[in-house]
Amino acid sequence: MKTIGLIGGMSWESSAEYYRILNEELNKRLGGLHSAKIILHSVDFEEIEHCQKTGEWEKAGEILANCASSLERAGANFILLCTNTMHKVVEQMERQVNIPIIHIADATSKSIRDKKIKKVGLLGTSYTMEQDFYKQRVANNGIEVIVPGEKERDKINRIIFNELCLGKIEADSKDYYKAVMEALVNQGAEGIILGCTEIGLLIKKEDCPVPVFDTAYIHAITAVEKALEEGEFHG
């Protein structure tokens with residue numbers, strides 16, 4: 001079994017979900033008392049969020065690249081960056097390590113392709129919905145990406161940072177997300193990417209008339225598959 005390196009804390013609410021999913025899924029596959037081999041490096045999200053807000057992406061990338069290096073030194077075989085937004089700096093991180101970083105957008109795109117879906121709506125932070133680092137990665141897989149309007153993007157972003165990252169699950173916010181998803185479906189979206197690892201805490205598959213792609217769940221399942229590749233489990 002390979003050792004999974006996690007860079008978490010962005011926010012810790014979703015990082016806790018990663019830990020749960022990784023262990024539950026691995027135990028489902030191996031049975032007994034088996035659990036995942038995990039090394040977690042959790043950051044102070046306040047520092048990262050400040051870099052986002054001030055546009056200091058290179059500084060944030062340096063912080064996360066150092067986290068990746070520490071996981072490699074500790075014995076991780078590959079890394080999950082437990083956030084969508086900070087994949088903006090993943091190439092900066094990759095230059096500092098010799099082990100793979102599983103890209104969340106690649107894992108999600110594979111899941112979308114497996115369902116033969118060609119057009120998706122994307123929900124996430126303003127950075128993820130508005131900048132190209134994520135949308136283009138998905139588009140490179142032959143998938144068209146559409147996003148909500150500016151007013152809707154602002155409110156989606158506020159709910160993420162002011163509620164979900166703090167563990168607050170509000171019924172009104174759930175209703176708002178459902179309405180936005182319905183509008184995207186009316187624009188032709190055949191599926192919805194929950195492109196922030198906290199959104200899966202609020203939105204479930206039954207909340208949307210088309211398939212939803214919970215990026216945190218997909219990312220974690222991809223990691224379990226990689227950890228168990230090539231019959232490397234030895235008991």
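Criteria and thresholds
- Residues numbered from 1 in each chain as written.
- Predicted model: local features only at pLDDT ≥ 70, side-chain atom pairs only at ≥ 80, totals over all residues.
- Heavy atoms only, no water.
- Phe/Tyr/Trp six-rings, centres within 6.5 Å; stacked < 30°, edge-to-face > 60°.
- Buried < 20%, exposed > 50% of the residue type's maximum accessible area, 1.4 Å probe, protein only.
- Pairing = 2+ DSSP bridges.
- Helix = DSSP H or I, 4+ residues; strand = E, 2+ residues; numbered from the N terminus.
- Axes fitted to C-alpha atoms, helices over the stretch in contact; angles between N-to-C directions.
- Contact = heavy atoms within 4.5 Å.
- Expected span 1.5 Å × (residues − 1).
- Parallel < 35°, antiparallel > 145°, perpendicular 65-115°, else oblique.
- Nonpolar A, V, L, I, M, F, W, Y, C, P; charged D, E, K, R; others polar.
- Arc of directions from axis to C-beta.
- Polar contact = N/O pair within 3.5 Å; in protein donor to acceptor, adjacent residues only side chain to side chain.

Colleague: Explain the packing of aromatic side chains to me, please; I cannot follow it from the model alone.
Modeller: Pairs of aromatic rings are described using the distance from one ring centre to the other and the angle between the two planes. Enumeration according to the criterion identifies three aromatic pairs in this entry. Judged by centre distance (6.5 Å) and plane angle (80 degrees), the rings of Phe 133 and Tyr 134 are edge-to-face. Residue Phe 133 is classed as buried on the basis of its relative accessible area, which comes to 18%.

Colleague: Please explain the sheet that holds strand β4 (residues 101-102) as it appears in this structure.
Modeller: Pairing is parallel across the open sheet formed by four strands, whose spatial order is β2-β1-β3-β4. The open sheet terminates on both sides in strands that have one partner only, identified here as β2 (38-42) and β4. As paired elements, strand β3 (residues 78-81) and β4 share two bridges and run parallel to each other. For Leu 80, the partnering residue across the bridge sits in β4 and is Ile 102.

Colleague: Explanation requested: the sheet that holds strand β6 (residues 144-146) in the structure shown.
Modeller: Each strand in a sheet pairs with its neighbour through backbone hydrogen bonds, running either in the same direction (parallel) or in the opposite one (antiparallel). Strand order in the open sheet made by the four strands is β6-β5-β7-β8, with parallel pairing throughout. In this open sheet, the two strands that pair with only one neighbour each are β6 and β8 (212-214). Each adjacent strand pair in this sheet contributes to an overall mean axis angle of 30 degrees, direction not counted. Sitting on the sheet, helix α10 (residues 215-227) touches β7 (191-194) and β8, and the angle it makes with β8 is about 60 degrees.

Colleague: Can you help me understand helix α3 (residues 57-74) in this one?
Modeller: In an α-helix, one turn spans 3.6 residues, which is why side chains three or four residues apart end up on the same side. With 18 residues, α3 ought to run about 26 Å at 1.5 Å a step, and its terminal C-alpha atoms sit 26 Å apart, in line with that. Taken together, the buried positions of α3 are occupied by Trp 57, Ala 60, Gly 61, Leu 64, Ala 65, Cys 67, Ala 68, Ser 69, Ser 70 and Leu 71. Tucked inside the fold, the buried residues of α3 contact β1 (4-8), β2, α2 (45-54), β3, α4 (90-94) and α6 (126-130). Backbone geometry just downstream of α3 places Gly 75 in the positive-phi region, at approximately 110 degrees.

Colleague: Whenever I open this one, the packing of α2 against α3 confuses me. Can you help?
Modeller: Angle between the axes and distance between the axes are the two parameters that describe a pair of packed helices. One way to put it is that α2 packs onto α3 with a least axis distance of 8 Å and a crossing angle of 155 degrees. Put simply, α2 runs roughly antiparallel to α3. Contact residues: Glu 47, Ile 48, Cys 51 and Gln 52 in α2; Trp 57, Lys 59, Ala 60, Ile 63 and Leu 64 in α3. For the contact of α2 with α3, a count of residues per class yields six nonpolar, one polar and two charged.

Colleague: Looking at this model, I keep getting lost on helix α9 (residues 171-186). Mind explaining?
Modeller: For α9, which comprises 16 residues, the first-to-last C-alpha distance of 23 Å matches the rise-based estimate of 22 Å (1.5 Å per residue) to within 8%. Three or more residues of α9 are buried, namely Ser 173, Tyr 176, Tyr 177, Val 180, Met 181 and Leu 184. Angularly, the buried residues of α9 cover 135 degrees about the axis, an arc narrow enough to put them on a single face. Projecting away from the buried face of α9 at angles above 90 degrees are the exposed residues Ala 171, Asp 172 and Asn 186. Buried residues belonging to α9 abut β5 (119-123), β6, α8 (150-162), β7 and β8.

Colleague: Sorry, what's going on with unusual backbone geometry here?
Modeller: Phi is mostly negative for residues that are not glycine, and the peptide bonds are mostly trans. For the peptide bond that leads from Met 10 to Ser 11, omega is -5 degrees, which places it in the cis range. Note on placement: Ser 11 falls in the loop between β1 and α1 (12-30). Here the phi dihedral of Lys 116 falls at roughly 60 degrees; this positive angle occurs in a residue that is not glycine. Relative to the assigned elements, Lys 116 resides in the loop between α5 (104-114) and β5. Judged by relative accessible area, which is 68%, Lys 116 ranks as exposed.

Colleague: Would you take a moment to explain the environment of Lys 88 for this structure?
Modeller: Take Lys 88: it is sitting in the loop between β3 and α4. The exposure class assigned to Lys 88 is partly exposed, which follows from its relative accessible area of 32%. When the C-alpha atoms of Lys 88 and Ser 173 are compared, they prove to be 26 Å apart, with 85 residues separating the residues in sequence. Within polar-contact distance, the side chain of Lys 88 engages the side chain of Gln 131 at 2.8 Å.

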